[in-house]
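So the chains spell out like this:
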Amino acid sequence: VVEQNVEKAALARSLGADQVIDPMAQNALSAAMELTGGIGYHVIYEMARHSPYLQFATKVLAYQGSVWLACMYESSELSLSELFMKEGAIRFFALAPYMLMEAMRIMPQLRLAPLVSRVFPFQQINEAFRFQTQPGSVKALLEITPPERLGTL
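Residues numbered from 1 in each chain as written. Predicted model: local features only at pLDDT ≥ 70, side-chain atom pairs only at ≥ 80, totals over all residues. Heavy atoms only, no water.

### What to know about the sheet that holds strand β1 (residues 41–46)
Rules: Any two strands with at least two DSSP-identified bridges between them are counted as paired. Think of it this way: any DSSP run of H or I at least four residues long counts as a helix, any run of E at least two long counts as a strand, and we number them from the N terminus. For helices, the axis comes from a line fit to the C-alpha atoms of the stretch in contact; other axes are also lines fit to C-alpha atoms, and the angle between any two N-to-C directions lies between 0 and 180 degrees. Whether two residues are in contact is decided by their heavy atoms: any pair within 4.5 Å suffices.
Read across the sheet, three strands follow the order β1-β2-β3 without closing on themselves; strand pairing throughout is parallel. Sheet topology places β1 and β3 (89–92) at the edges, where each strand pairs with a single neighbour. Across the sheet, the mean angle separating the axes of adjacent strands is 20° when strand polarity is ignored. Here five bridges tie β1 to strand β2 (residues 61–69), and the two strands are oriented parallel to one another. Counterpart to Ile 44 in the pairing with β2 is Val 67. Contacts from helix α3 (residues 51–59) reach β1 and β2 within the one sheet, and its direction differs from that of β2 by about 150°.

### Things to note about helix α1 (residues 6–14)
Let me state the cut-off plainly: Whether a residue is buried, partly exposed or exposed follows from its accessible area with a 1.4 Å probe, protein chains only, as a fraction of its type maximum: under 20%, in between, or over 50%, in that order. As used here, the arc is the angular range of directions from the helix axis to the C-beta atoms. We call two N or O atoms a polar contact when they sit within 3.5 Å, provided that within protein one can donate a hydrogen and the other can accept it, with sequence-adjacent residues counted only if both atoms are side-chain atoms.
Here α1 has its buried residues at Ala 9, Leu 11 and Ala 12. Taken down its axis, α1 places every buried residue within 160° of arc, on the same side. Capping the start of α1, Asn 5 holds a side-chain oxygen 2.9 Å from the backbone nitrogen of Glu 7, two or three residues further along. Backbone geometry just after α1 places Gly 16 at a positive phi near 110°.

### A short note on the pattern of salt bridges
Rule in force here: Salt-bridge detection follows one rule: a side-chain nitrogen of Lys or Arg within 4 Å of a carboxyl oxygen of Asp or Glu.
Inspection of every chain in the model, using the stated rule, returns three salt bridges. Put simply, Lys 59 and Glu 82 hold a salt bridge, and the shortest N to O gap is 4.0 Å. With Lys 59 in helix α3 and Glu 82 in helix α4 (residues 80–86), this residue pair connects regions lying 23 residues apart in the sequence. Since its relative accessible area comes to 41%, Lys 59 is described here as partly exposed. Across the pair Glu 82 and Lys 86 runs a salt bridge, and its minimum N-O distance is 3.7 Å.

Structure follows, in structure tokens:
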């Protein structure tokens with residue numbers, strides 16, 4: 001895991017991350033490559049939606065590796081030549097229809113409760129957004145309760 005936020009780095013460790021690189025305290029590229037013996041990573045999940053992190057992911061990608069994205073970028077100066085030379089791939093997994101079944105398969109193995117900082121009723125959506133920007137907040141969720149009766153159609 002590459003994470004500069006101290007609370008999120010600690011959370012990653014508590015959830016089983018073998019290594020956590022703080023890009024503010026060390027050269028993340030050198031540290032990542034050292035951890036893999038210069039090979040790079042075969043699978044990278046880029047979740048930050050920040051263009052420099054996508055560029056970083058392609059730099060630490062192993063030969064024939066894959067960068068998996070769960071978000072879209074407004075723009076990115078991605079080096080396609082670097083991907084080409086590594087025969088690397090970019091994959092988008094939020095839209096893949098088979099991912100729901102895979103997620104359901106691994107869900108019982110995951111400890112997700114520490115990832116939810118707070119649950120808000122939908123009526124407090126503005127407060128939830130404000131809370132999400134506070135230090136230490138990992139994920140604020142909205143609870144959407146269906147009405148008792150939807151009426152007749």
